[in-house]
Amino acid sequence: MPADPLDLAALIAERGGERYELHARYLNPQLPRMLHTLGFDRYYERAEGPYFYDAEGNEYLDMLAGFGIFALGRHHPVVRAAVQQVMDLDLPDLTRFDCPPLPGLLAERLLSHTPELDRVFFGNSGTEAVETALKFARCATGRPRVLYCDHAFHGLTAGSLSVNGESGFRRGFDPLLPDTAIPLGDLGALARELRKGDVAALIVEPIQGKGVHATPPGWLLAAQQLLHEHRALLICDEVQTGIGRTGSFFAYQEEEGVRPDLVCAAKALSGGYVPIGATLGKGWIFEKVYSSMDRVLVHSASFGSNGQAMAAALATLHVLREEEVVENSRRVGELFRTRLAELVDRYELLAEVRGRGLMIGIEFGRPRSLKLRTGWTALQAARKGLFAQMVVVPLLHRHRILTQVSGDHLEVIKLIPPLIITEREVDRFVDAFTEVMDDAHRGSGLMWDFGRTLVKQAVGGR
């Protein structure tokens, strides 16, 4: 006898009010605690495009896009229709012993944006795309060691964690793979490591997610030349920067002559519906990995190339082209950065605005005036990054704009909104940010009261 349909709407209506208690009891107990501390424990009921809505119908502007997943905003109708359509087709998915059309079609369209690359492996996430690249680089070169950059973020599974440049993520999970960090932009350090003869590859984000630091002009090309001279590979991690985020399809394409050997993509490729990871690479690398029929399954993923993920990704690429989303990212991103950069001379707590396309970093710095410097110093002594958090909180509480700091112990807010935003959303953020900065420069009031609360919690948590 078939089961009765599951009424998800009724279940959410009945139990949705318990969401924070359920997380505290059964999932990560620190998440609801952190959200409650910041006053971020909101009850969002639905989402559309670049906005969330609560039960009262209040509109919240999303400047996080799920850390880059929702490039097309939430619930884009074309992507949703494609996912529904592929389910209605009743395809014989994941049989393991056939070659379904959708993965081949998606690979063809994805590679059309990167003519220097030849093949694709589909997995389920960004960290899995990185794991694939690490394995393929080691197999293709026969060498064990991968170089990465200080402050890099490439994922949190064991392999990708071994090329993570932030010690806080690595602590407690050692020993990891014998990989080595170099400073971002340091060709001398790269050359010294390559001379040891055991380097398989360098993995690098063209723009680091942590802090929004771009590789210096010309560095990627020079690094590529050095790597190839030593028969090592260049891996570009475009999990966050790729699929239009920076105003090009991939961020590395902004630099003339850069031709990576492997490229990792994920996040935005999902359309916000079905997880997907993709590792694009040169044909000879894939031929080294899959060198015979005995090795046909030497690297695979249980849910890789599933029909729903392929449909979501195909629809995403379709929307990117038809709605000129990449061009919008470049144009609106330039407007956004210009508007914010104009505020640097106005506010002494605002140090720099940087980034490319719709990946923007707003960095705060030590003020000149004694009154502001006293409060800044107290925050820094307690925990670096508290001032940026002081800015994030009123953006949500007063202006209903969701954003977050760019990483632990950083005085940087990262903006990675949906790529479909317009001048309207830019105006709303800049107006709100200006009001918050005006408040911050008074040196007193609710912001600084909240800062003192953060200081107490930071000191108490040591």
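Chains are numbered independently. Their residues run from 1 in the order of the written sequence. At least 70 in pLDDT is required for a residue's local features to be given in this predicted model, at least 80 for side-chain atom pairs to be given and counted, and no such filter applies to totals for whole chains, interfaces and linings, which use all residues. For side-chain calculations, the full set of non-hydrogen atoms in the structure is used, while hydrogens and water are omitted.

### A few points about the side chain of Glu166
Next, step 1: The secondary structure listing takes helices from DSSP runs of H or I that are at least 4 residues long and strands from runs of E that are at least 2 residues long, numbered from the N terminus. Here Glu166 is to be found in the loop between helix 8 (158–161) and helix 9 (167–170).
Next, step 2: Categorising residues by exposure relies on relative accessible area from a 1.4 Å probe, with only protein chains included: less than 20% of the type maximum marks a residue as buried, more than 50% marks it as exposed, and the intermediate range marks it as partly exposed. Looking at Glu166, the relative accessible area reads 15%, which means it is buried.
Next, step 3: In contact with Glu166, not counting residues within four places along its chain, are Ala152 and Lys210. Every residue pair with non-hydrogen atoms within 4.5 Å of one another is taken to be in contact.

### Topic: the sheet that holds strand 3 (residues 59–62)
Next, step 1: One requirement defines pairing of two strands: DSSP has to find at least two bridges between them. Judged by pairing direction, the sheet is mixed, and its 4 strands sit side by side in the order 1-2-3-15 without closing on themselves. The two strands at the open ends of the sheet, each matched to only one other strand, are strand 1 (44–48) and strand 15 (401–402).
Next, step 2: Bridge analysis of strand 2 (residues 51–54) against strand 3 gives 3 bridges, and the strand direction is antiparallel. Paired with Tyr51 across the strands is Leu61, a residue of strand 3.
Next, step 3: Relative to the sheet, helix 17 (residues 423–440) contacts strand 2, strand 3 and strand 15, its axis offset from that of strand 3 by approximately 95°. What counts as an axis is a line fitted to C-alpha atoms, over the stretch in contact for a helix, and the angles between N-to-C directions run from 0 to 180 degrees.

### Here we look at the nonpolar core
Next, step 1: Counting 111 residues, the largest nonpolar core has Phe336, Leu340, Phe364, Phe387, Phe429 and Phe433 as its most contacted members.
Next, step 2: Counting residues per element, this core draws most heavily on helix 13 (residues 307–322), which supplies 10 residues.
Next, step 3: The nonpolar core is taken to be a set of buried Ala, Val, Leu, Ile, Met, Phe, Trp, Tyr and Cys residues, with the residues joined through side-chain atoms within 4.5 Å. Within the second largest apolar cluster, 24 residues are counted, among which are Leu134, Ala140, Ile235 and Ala266.

### Looking at the packing of aromatic side chains
Next, step 1: Only Phe, Tyr and Trp rings take part, Trp by its six-membered ring, and two of them pair if their centres are within 6.5 Å. Stacked means planes under 30 degrees apart, edge-to-face means over 60, and tilted covers everything else. With the rule as written, the count across this model stands at 14 aromatic pairs.
Next, step 2: Ring geometry for Phe336 against Phe429: centres 5.6 Å apart, planes inclined by 75°, an arrangement best described as edge-to-face. Taken as a pair, Phe336 in helix 14 (residues 325–341) and Phe429 in helix 17 lie far apart in primary sequence, 93 residues in all.
Next, step 3: Under the relative-accessibility criterion, Phe336 is labelled buried at 0%.
Next, step 4: Look at Phe364 and Phe387: their rings are 5.1 Å apart centre to centre, the planes differ by 70°, and that puts the pair in the edge-to-face class. With Phe364 in strand 14 (residues 359–364) and Phe387 in helix 16 (residues 386–397), the pair connects residues that are 23 residues apart, well separated along the chain.
Next, step 5: When its relative accessible area of 3% is taken as the criterion, Phe364 is described as buried.
Next, step 6: One cation-aromatic arrangement involves Arg46 over Tyr53; the distance from NZ or CZ to the ring centre is 4.1 Å.
Next, step 7: Cation placement over rings: the criterion is NZ of Lys or CZ of Arg within 6 Å of the ring centroid and within 35° of the ring normal. Above the face of the Phe70 ring, Arg74 is positioned so that its terminal group lies 3.8 Å from the ring centre.

### Structural notes on helix 6 (residues 101–111)
Next, step 1: For helix 6, the full list of buried residues reads Leu102, Pro103, Leu106, Ala107, Leu110 and Leu111. Summarising the axial view, the buried residues of helix 6 lie within an arc of 155°, below the 170-degree limit, and thus occupy one face. Exposed residues pointing more than 90 degrees away from the buried face of helix 6 are listed as Pro101 and Glu108.
Next, step 2: Considering only its buried residues, helix 6 is in contact with helix 5 (77–88), strand 4 (119–123), strand 12 (277–281) and helix 13. An arc is given here, and it is the one of the directions from the helix axis to the C-beta atoms.

### Describing the environment of Tyr252
Next, step 1: For Tyr252, the location among the structural elements is in the loop between strand 10 (233–237) and strand 11 (262–265).
Next, step 2: In this structure Tyr252 comes out as buried when scored by relative accessible area, which is 1%.
Next, step 3: Separated by 29 residues in the primary sequence, Tyr252 and Gly281 place their C-alpha atoms 14 Å from one another.
Next, step 4: We define a polar contact as two N or O atoms separated by no more than 3.5 Å, with the added condition that, inside protein, one atom must be a possible hydrogen donor and the other a possible acceptor, whereas residues neighbouring each other in sequence contribute only through side-chain atom pairs. Among the polar contacts made by the side chain of Tyr252, one reaches the side chain of Glu116 at a distance of 2.2 Å.

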